[in-house]
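The residues making up each chain are set out below.
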Amino acid sequence: MDNIKDTILEVIYSIIPITIVITILQFTLIGLPAETFIQFMIGVVMVGFGLVLFLLGVNVGLLPVGELIGSALSKSKKVWMIVLFGFLLGVVVTIAEPDVRVLASQVDTVSGGEIPQSVLILAVALGVGIFVALAMLRIVFNISIVVILAIGYGLIFTIAAFTPPVFVPISFDSGGVTTGPLTVPFVLALGVGVASVIRGKTASTDGFGLVALASIGPVLSVLILGVIYA
Amino acid sequence: MNLHIFEGFGATMEEVAIALLPLLLLFFVFQIFFLRLPKRKLLDIGVGFLLTFFGLSFFLQGVHIGFLPVGELMGERLGAMDHKWLLLPIGFFLGFFAIYAEPAVSVLIHQVDKASGGYIPEKVLLYTLSIGVGLAIVLAMIRILLGISLWYFVLPGYIIALILVRFSSKTFTSIAFDSGGVATGPMTATFILAMFVGIASVTEGRDPLLDGFGMVALVALAPILSVLTLGILFQRKEKAQDGKSKERAKTAHHDR
């Protein structure tokens with residue numbers, strides 16, 4: 001029961017402040033028709049209700065799955081399996097990530113269907129998957145995170161030179177939205193699980209840095225998508 | 001009144017079902033070959049998936065009928081104002097308050113507290129993050145109004161971050177780069193982004209696709225830079241204090 005109360009409070013805290021600012025703006029500067037504003041308020045309630053259910057579901061069902069898979073994988077001690085399933089998990093979790101869906105549908109609308117929602121989501125998911133796999137390799141072989149970050153950003157700036165300018169903001173935004181309410185706990189659970197089995201409890205900080213890597217992947221993959229489009 | 005609340009809800013539920021299917025399939029593969037969980041546990045997980053399904057459907061429906069259209073409309077109104085400079089304080093307040101109450105931030109604060117041994121006061125971190133994200137949104141507004149390429153913000157941002165990393169401890173580097181996500185929560189990526197697209201669409205000479213997006217990227221940079229900077233500042237302080245206490249110990253030794 002405490003869990004439910006905490007989740008409800010959590011959602012209220014993350015939604016209320018912006019709603020208040022918007023309401024103040026509505027009555028001072030914006031002045032939309034009452035009907036539109038009511039539609040917005042109903043949207044706020046639905047988003048809040050949806051987020052509560054979603055977060056509860058993630059905690060009850062999805063996160064335990066992530067942890068179980070993480071520990072089952074690392075017990076197998078086979079590097080190729082850890083890497084392969086790290087990749088698959090990255091892909092499937094991103095496909096279900098709400099923030100990624102919303103960004104992709106906005107890009108779809110604004111680009112007038114030129115960049116379809118499904119294509120962008122797939123590109124982002126592949127990017128996350130590949131970098132989660134890399135992150136697993138990093139934990140297994142104890143590679144410094146700074147090295148991977150530097151190489152990752154180096155690649156980003158190189159590939160960006162060959163991609164149409166329109167794709168640049170979209171790619172960086174894709175990197176930002178992958179750090180949503182599903183990917184972060186899921187990927188962290190997986191990483192911490194693998195790190196603690198492979199190198200004992202002292203290595204628990206190894207699990208961190210995973211989210212950072214997971215958000216470089218989509219930037220790269222969407223830039224590459226741009227090169228393909230061009 | 002002409003409200004469209006459940007318009008297209010069926011399509012949204014279908015989309016969500018397709019979105020969750022791959023994860024469910026992967027779980028079944030693991031269940032059959034590795035996990036072999038007992039029925040009770042399976043039931044729990046099933047309930048979890050069901051909750052996630054309905055939660056995601058309602059969330060996306062609310063976003064589609066409320067946040068996206070109204071956010072864009074509000075952006076259009078704001079972008080058409082006579083006093084465009086007003087957008088800057090508005091952006092700052094949106095960013096500041098979005099992060100100030102964000103639950104993910106308290107998780108981050110707890111992490112930093114543990115990693116720094118309590119050297120960084122919680123309030124300092126909270127205000128640095130809130131102001132940082134507020135400023136990031138102000139920069140994003142300036143970018144739209146003046147039509148500056150995203151590169152001029154992102155490139156220096158990441159170069160500064162990589163330079164700061166050289167002076168940072170390993171733990172702090174990891175926490176900082178993971179913290180990018182705390183500010184890009186469901187409100188930022190949906191409502192504020194829709195507002196930006198709206199502003200870009202009414203500002204002359206701006207392409208909503210090229211100039212409207214990019215805001216999330218700037219907002220994600222702010223916590224990274226904030227945490228890295230605070231980490232270094234307070235590390236210095238810690239060292240300085242260490243040095244002083246050592247010196248004191250030395251002089252005390254001499255006095256004896």
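Predicted, not measured: the structure shown is a model, and the values here were computed from it.

**With respect to the interface of chain B and chain A**
Note on interface size: it is often stated as the accessible area lost on association of the parts. In this complex, chain B contributes 82 residues to the contact, which on the side of chain A involves 77 residues. The set of elements that each furnish at least two residues to the side of chain B that touches chain A consists of helix H1 (9–35), helix H2 (39–79), helix H3 (87–100), helix H6 (151–166), helix H7 (170–178), helix H8 (186–202), helix H9 (208–212) and helix H10 (215–255) of chain B. If one sorts the elements of the side of chain B that touches chain A by residue count, H2(B) sits on top with 26 residues.

**Regarding the packing of helix H3 (residues 79–95) of chain A against helix H5 (residues 117–141) of chain A**
All names here are of chain A. Where H3 contacts H5, the two axes come as close as 7 Å, and the packing angle between them is 150 degrees. Relative to H5, H3 is oriented so that their crossing is right-handed. For the pair formed by H3 and H5, the contact residues are Val79, Ile82, Val83, Gly86, Phe87, Leu88, Leu89, Gly90, Val91, Thr94 and Ile95 on the first element and Ile121, Val124, Ala125, Leu126, Val128, Gly129, Ile130, Val132, Ala133, Met136, Leu137 and Val140 on the second. Per-class residue counts for the contact of H3 with H5 are 19 nonpolar, four polar and no charged.

**A short note on the confidence of the model for chain B**
Confidence in the prediction for chain B averages 84 pLDDT; 91% of positions are at 70 or higher. Scored as a complex, the prediction yields pTM 0.87 and ipTM 0.89.

**Some words on the nonpolar core**
Judged by nonpolar contacts, the single largest core of 159 residues is most densely connected at B:Val133, B:Phe196, B:Met215 and B:Val219. Discounting residues that sit within four places of it in the chain, B:Val133 has contacts with B:Gly95, B:Phe96, B:Ala98, B:Ile99, B:Ala183, B:Val219 and B:Ala222.

**Digging into unusual backbone geometry**
All names here are of chain A. At Asn142, a position not held by glycine, the phi torsion is positive, near 55 degrees. Summarising the element assignment, Asn142 is placed in the loop between H5 and helix H6 (145–160). Accessibility expressed as a C-beta count within 10 Å gives 10 for Asn142, which makes it exposed.

Cut-offs and rules
- Per chain, the residues get numbers from 1 upward, laid out in the order the sequence is written.
- Note on labels: chains are lettered from A, ligands numbered from 1, in written order.
- Reporting in this predicted model follows two pLDDT cut-offs: at least 70 for local features of residues, and 80 or more for side-chain atom pairs to be given and counted; totals over whole chains, interfaces and linings ignore these cut-offs and use all residues.
- Any pair of residues counts as being in contact when their C-beta atoms, constructed from backbone geometry, are within 7 Å of one another.
- The helix count covers DSSP runs of H or I at least four residues long, the strand count covers runs of E at least two residues long, and both are numbered beginning at the N terminus.
- Every axis in this analysis is a line fitted to C-alpha atoms, fitted for helices over the stretch in contact. Angles between the N-to-C directions lie between 0 and 180 degrees.
- Crossing handedness: left-handed means the near helix sits turned counterclockwise from the far one by under a right angle, and right-handed means the same turn made clockwise.
- Throughout, the ten residues Ala, Val, Leu, Ile, Met, Phe, Trp, Tyr, Cys and Pro are labelled nonpolar, Asp, Glu, Lys and Arg are labelled charged, and all others, Gly among them, are labelled polar.
- Confidence of the predictor at the level of single residues is given by pLDDT, which spans 0 to 100.
- Each nonpolar core reported here comprises buried Ala, Val, Leu, Ile, Met, Phe, Trp, Tyr and Cys residues connected via C-beta atoms within 7 Å.
- Exposed residues have 12 or fewer other C-beta atoms within 10 Å of their own C-beta, buried residues have 20 or more, and partly exposed residues fall in between, where C-beta atoms are placed from the backbone.

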